[in-house]
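# Architecture and fold: a report
Spelled out from the first residue to the last, the chains are:
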Protein chains: 2
Amino acid sequence: MYIDCLIQIKTDIETSPESMNQNKYNTVSLIRKKRDGKELDEEEIHYLVDNYTRDSLADYQMSAFLMAAFLQGLTDAESAALTRSMLHSGVVVDLSDIPGKKVDKHSTGGVGDKLSLILAPIVASCGVPVPMISGRGLGHTGGTLDKLESIPGFTVDVTLGRYREILEKHNLVLAGQTDEIAPADKRLYALRDVTATVESIPLIAGSIMSKKLAEGIDALVLDVKYGSGAFMSNHNEAVKLAQALVGIGEEFGKQTIAYLTDMDQPLGFAVGNWLEVREGIACLRGDGPDDVMEISHLLAGTMIYLGEHAKSVEEGVEKSKQAVEDGSAWNKWIDIVKEQGGDAGVIENPEIYNEAEYLHEIVADQNGYIHAMDAYEIGMVSLELGAGRRTKEDIIDPAAGIILKRKTGDEIKKGETIARFYTNNSEVLDNAERKFINAISISGIKPTERKLISHMVDKNGVQLYNR
Amino acid sequence: MYIDCLIQIKTDIETSPESMNQNKYNTVSLIRKKRDGKELDEEEIHYLVDNYTRDSLADYQMSAFLMAAFLQGLTDAESAALTRSMLHSGVVVDLSDIPGKKVDKHSTGGVGDKLSLILAPIVASCGVPVPMISGRGLGHTGGTLDKLESIPGFTVDVTLGRYREILEKHNLVLAGQTDEIAPADKRLYALRDVTATVESIPLIAGSIMSKKLAEGIDALVLDVKYGSGAFMSNHNEAVKLAQALVGIGEEFGKQTIAYLTDMDQPLGFAVGNWLEVREGIACLRGDGPDDVMEISHLLAGTMIYLGEHAKSVEEGVEKSKQAVEDGSAWNKWIDIVKEQGGDAGVIENPEIYNEAEYLHEIVADQNGYIHAMDAYEIGMVSLELGAGRRTKEDIIDPAAGIILKRKTGDEIKKGETIARFYTNNSEVLDNAERKFINAISISGIKPTERKLISHMVDKNGVQLYNR
């Protein structure tokens, strides 16, 4: 007899993609290899990614491979090979003819995270070229591009020629990611998104690094967040992600340093695009919130160190503080806003910005301490007010968002304001308020303080951060 | 900032299948649930299978789910739910108005496995209705349909009306599987075939049982093979598959008994479609090889017992032997061949059959004992001679195949014939001979005898077979 199922071959899946592949490997065997927990070599990984990108490997085969990789893991070598394949699926910018070590920063995303707006001008003003390519926000997290575009006139769509030109002129360029960068990653991510294969550390690390390595950088600083508003809420997982990112960076010969930073409550007081730019302006003018400034200076200082404009991170941090104090960071910021078409008038005088129509105060219904602020939920409230997007197609209201008046650990009295909502859509206010109140817990006991920066990860391993 | 990859949503995968689904469940959440090792309930499994069959769930989502199921396993309840969903994706034949308990047999496939041709007429002649729906062969294994079709005129394509009519008239019908039976299984199997998700016990068990349960049976006997020529070469895996199959059968209220039988060398002496029919004829005439007859009588006896025409399997086996001896099984065979359009003349006088053009003897190059015969390789040699198909589209030569002259444990002298090849394609002979010789090992030491039937599995568990 026979096994029934063996006779049922390809009905709807009529053309076997095999026939279209370069015939060196058999796709099913490669999927099976990963399924069985074995290691694929560089060429095998490249075969899969390359054929997938060229439409000669089917979505259903790639998704089976991704699920196998998700559950069986990828070795460091596989992860590097995956990154390399995705990186070389598109344009890799070569900035080697521009003098100096080019350094960028990448954050794994959070709520109220406007650090790029602050540290990029600081680092550039200290002489380190910063070729920064950013993305848009989705879900509870914001995106640097959306924040920049809340500045009237500011454009992030630049050609490669302009990208180099702006960088050479200002030591800084703030560009949006184009379709030419790591297209394989784009396709793979879209597939992962619909097949429950997103939350895999090697896949995430490969995705992030393939795009960052395409920018033409020499070194990279990573801000890996943990806590309720982070992509990886679990601290251990965040440490693993940081290690994976640093591993790939070093594998590609780029000095990479990562910090683990707290994202259990929003960073600073502002959440929402223009509101965060406004807070960034205050920071560059020397009037920023402590948490934002502490991380900004550490990341900027590390970038300055990696860019060889300081002999140590400590010296870099001092230079960073100096650049804010003496106004050079501010001047750099104004220069870049102007260069990229932004209205410098509104940056100089943020009070002239077209504010949201509806302002709504959220008040405390009891006395006590703010015990916790669920950053994820606050991000979602901000989205609801118009500051974020649920799907790629949603349109953002640049003026919408939240200004927090209290943060975790602060004392509050019944009737005092916890936060102010900004929106142009009054219909969402009731629901947003309900959600916001649920995201805040007030208690009679002062909560223990959380560390803002927990660990540093570099090629030598993980170290407790203690400065 | 943000996590870069989060902003890259659906590029080529433009229409999210979600929008087309019944909105009760979110496909990605269900994939994630299985990925994380959790159990899906009946409704959730049904949602996936049903939407997939109706084209409102994408191949790439189903393949990710299948890989997750492959690696995380399926519980008995999930396996039963999967079987039920696939079963009800097509026609489920209702034979309840036909008197008697309808019993069928299923084999997981092997080389030289002509048991259905023998036991079906035996069991039917003992008064138990046998509604048998079979498949075609693929790769090294043969298929009952191909064997039946090697009989000139024999047709396995019958309408449902004819199926019932033949069964009522003869207590037996030998039909081919139609597209109406378990179409979801057909699609899922095609997808598994190209995504390295075939070899999963719960998926295999669900696939087999969804088709068998559609036949309208009341009870089922399973021949689960292990050894070099079996789908599951590993004995432990075969036991697990038997348990999974029996579990599903009993879950559906069908009495199910499985035997674990040896497939380390071909069954009987004949491999190839007409050659196996001819050996089957010999068996029904009381002149069959011991191994074929031992398993045939055990399976037939168990079917007769389950069909309530014997009080025990032992009594069933006695009745089976009696049916061969007194010619009633033979008469049943002639009747069914005639009923289904076959040439009874060639069955009565098999020597008038149009034999293959090329006969080729393989002789031993040394003295010794046949130590092992790799059943898989022998199946592949038979395929090469024309008896099998590599892909569904290949055309079979009904006369091609192999007649073994020696089997494992037999003594042989240099120059004596081990086997005779039958083919109409002389070009393949050299290669087939080389392959065949590699598949046979001759040694000075007589090998220890393997047990033909190792275990019996029923609802009470696994028992050593010792009769």
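### A short note on the nonpolar core
What tends to happen in soluble globular proteins is that the nonpolar side chains get buried as a cluster. Core analysis: the biggest nonpolar cluster contains 129 residues, and Y259, W333, I347, I402 and F436 of chain B have the highest contact counts within it. Looking at this core, you find at least three residues from each of domain 2 (103–350 + 452–464) and domain 3 (358–443) of chain B. Counting 127 residues, the second-largest nonpolar core is a separate cluster that includes V221, L284, A329 and L429 of chain A.

### Description of the pattern of salt bridges
Tallying each qualifying case throughout the model produces 69 salt bridges over all chains. A salt bridge links R162 of chain A to E165 of chain A; the nearest nitrogen and oxygen atoms lie 3.2 Å apart. With R162 of chain A and E165 of chain A both in helix α7 (residues 160–170), this residue pair falls three residues apart, about one helical turn. Overall, the relative accessible area of 27% leaves R162 of chain A in the partly exposed class. Its relative accessible area of 42% is what places E165 of chain A among the partly exposed residues. Salt-bridge contacts for K34 of chain B lead to E78 of chain B; the nearest nitrogen and oxygen are separated by 3.1 Å. Placement of the pair is K34 of chain B in helix α1 (residues 27–35) and E78 of chain B in helix α4 (residues 76–87), with a sequence separation of 44 residues.

### Focus: the sheet that holds strand β1 (residues 103–107) of chain B
Residues and elements named next belong to chain B. An order of β1-β4-β5-β13-β14 is seen for the five strands of this open sheet, with the pairing classed as mixed. Strand pairing shows two members of the sheet lacking a second neighbour, β1 and β14 (461–464), which therefore form its edges. Each strand axis lies, on average, 20 degrees off the axis of its neighbour in the sheet, ignoring direction. Examined bridge by bridge, strand β4 (residues 219–226) and strand β5 (residues 255–262) share eight bridges and lie parallel to one another. Residue pairing across strands places V221 opposite I257, the latter belonging to β5.

### Remarks on the pairing of β1 of chain B
Residue and element names in this part refer to chain B. Counting buried positions along β1 gives five out of five residues, so the element sits mostly inside the fold. Burial along β1 is two-sided: the face carrying V103, K105 and S107 and the face carrying D104 and H106 are both buried. With five bridges connecting them, β1 and β4 associate as parallel partners. Its bridge partner lying in β4, K105 is registered against V221.

### Section: unusual backbone geometry
Working note: non-glycine residues mostly have negative phi, and peptide bonds are mostly trans. Phi is positive for A182 of chain A, which is not a glycine, with a value near 45 degrees. If you trace the backbone, A182 of chain A turns up in the loop between β3 (172–176) and α8 (183–193). A positive phi angle, close to 60 degrees, is found at D55 of chain B, a residue other than glycine. Its place among the elements puts D55 of chain B in the loop between α2 (42–53) and α3 (59–72).

### Some words on the domain arrangement of chain A
Residue and element names in this part refer to chain A. The domains assigned to chain A are domain 1 (2–72), domain 2 (103–350 + 452–464) and domain 3 (358–443). The C-alpha centroid of domain 2 is placed 36 Å from the C-alpha centroid of domain 1. Contact with domain 2 buries area across many residues of domain 1, yet Y52, L66 and F70 alone supply 52% of it, more than any other trio. At the junction of domain 1 with domain 2, the criterion picks out two salt bridges. Its salt-bridge partner being D59, residue R187 comes within 3.8 Å of it at the nearest N-O pair.

Analysis parameters
Residues numbered from 1 in each chain as written. Chains lettered and ligands numbered in written order. Predicted model: local features only at pLDDT ≥ 70, side-chain atom pairs only at ≥ 80, totals over all residues. Heavy atoms only, no water. Core = buried A, V, L, I, M, F, W, Y, C linked by side-chain atoms within 4.5 Å. Buried < 20%, exposed > 50% of the residue type's maximum accessible area, 1.4 Å probe, protein only. Domains from an automatic or database assignment. Salt bridge = Lys/Arg side-chain N within 4 Å of Asp/Glu carboxyl O. Helix = DSSP H or I, 4+ residues; strand = E, 2+ residues; numbered from the N terminus. Pairing = 2+ DSSP bridges. Axes fitted to C-alpha atoms, helices over the stretch in contact; angles between N-to-C directions. Buried area = accessible area lost by both parts, 1.4 Å probe.

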